[in-house]
Amino acid sequence: QVQLVESGGGLVQAGDSLRLSCVASGSTFYRMGWFRQAPGKVRTLVSSIDLSGTTYYADFVKGRFTISRDNAKNTVYLQMNSLKSEDTAVYYCAASTLVFGSTNIGDWRSWGQGTQVTVSS
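One structure accompanies this document, and this report is about it. (Residues numbered from 1 in each chain as written. Predicted model: local features only at pLDDT ≥ 70, side-chain atom pairs only at ≥ 80, totals over all residues. Heavy atoms only, no water.)

### A short note on the nonpolar core
Note on soluble globular proteins: their nonpolar side chains tend to be buried together. Of all hydrophobic cores here, the largest spans 26 residues; its most connected members are Leu4, Met32, Trp34, Phe65, Leu78, Met80 and Tyr91. Among the elements of the structure, strand 3 (18-25), strand 4 (31-37), strand 5 (44-50), strand 7 (65-70), strand 8 (75-80), strand 9 (89-96) and strand 11 (115-120) are those that each provide at least two residues to this core. (Core = buried A, V, L, I, M, F, W, Y, C linked by side-chain atoms within 4.5 Å. Buried < 20%, exposed > 50% of the residue type's maximum accessible area, 1.4 Å probe, protein only. Helix = DSSP H or I, 4+ residues; strand = E, 2+ residues; numbered from the N terminus.)

Dropping the structure here:
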């Protein structure tokens, strides 16, 4: 059984930092990533990383967020710096078996339960 478990969310002030973690069990995925979804908004890919370490970042987080992975622990991280109120959302860890990268929800096989990130202004 495949499980993705996120942690690290919380309530912070604008300009602060958070580090999200996602532990995957039951399978090894070629690509893992982080999506976020705020109320009334579409779920959007924030960042992803493949097994070789190749990364992708959405424009709205470039220079502020860093994705990394520990393949031995089957864990991915999202270091979020200089947080803004606009970053407030539920953050979901996701995993894909596809070699190519995709921002489409349907191309991601497994999902975590989500962790709430709230940034106050």
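### A closer look at the environment of Glu6
Relative to the assigned elements, Glu6 resides in strand 1 (residues 3-7). Exposure remark for Glu6: the relative accessible area of 5% places this residue in the buried category. Once the C-alpha coordinates of Glu6 and Val76 are considered, the two residues, 70 residues apart in sequence, prove to be 9.4 Å apart.

### A short note on the pairing of strand 4
Of all 7 residues that make up strand 4, 6 are buried, and the element is covered over most of its length. Here strand 4 runs beside strand 5; their pairing, made up of 6 bridges, is antiparallel. Across the sheet, residue Met32 finds its bridge partner in strand 5, namely Ile49. (Pairing = 2+ DSSP bridges.)

In short, shape yes, function no, at least from these values alone.
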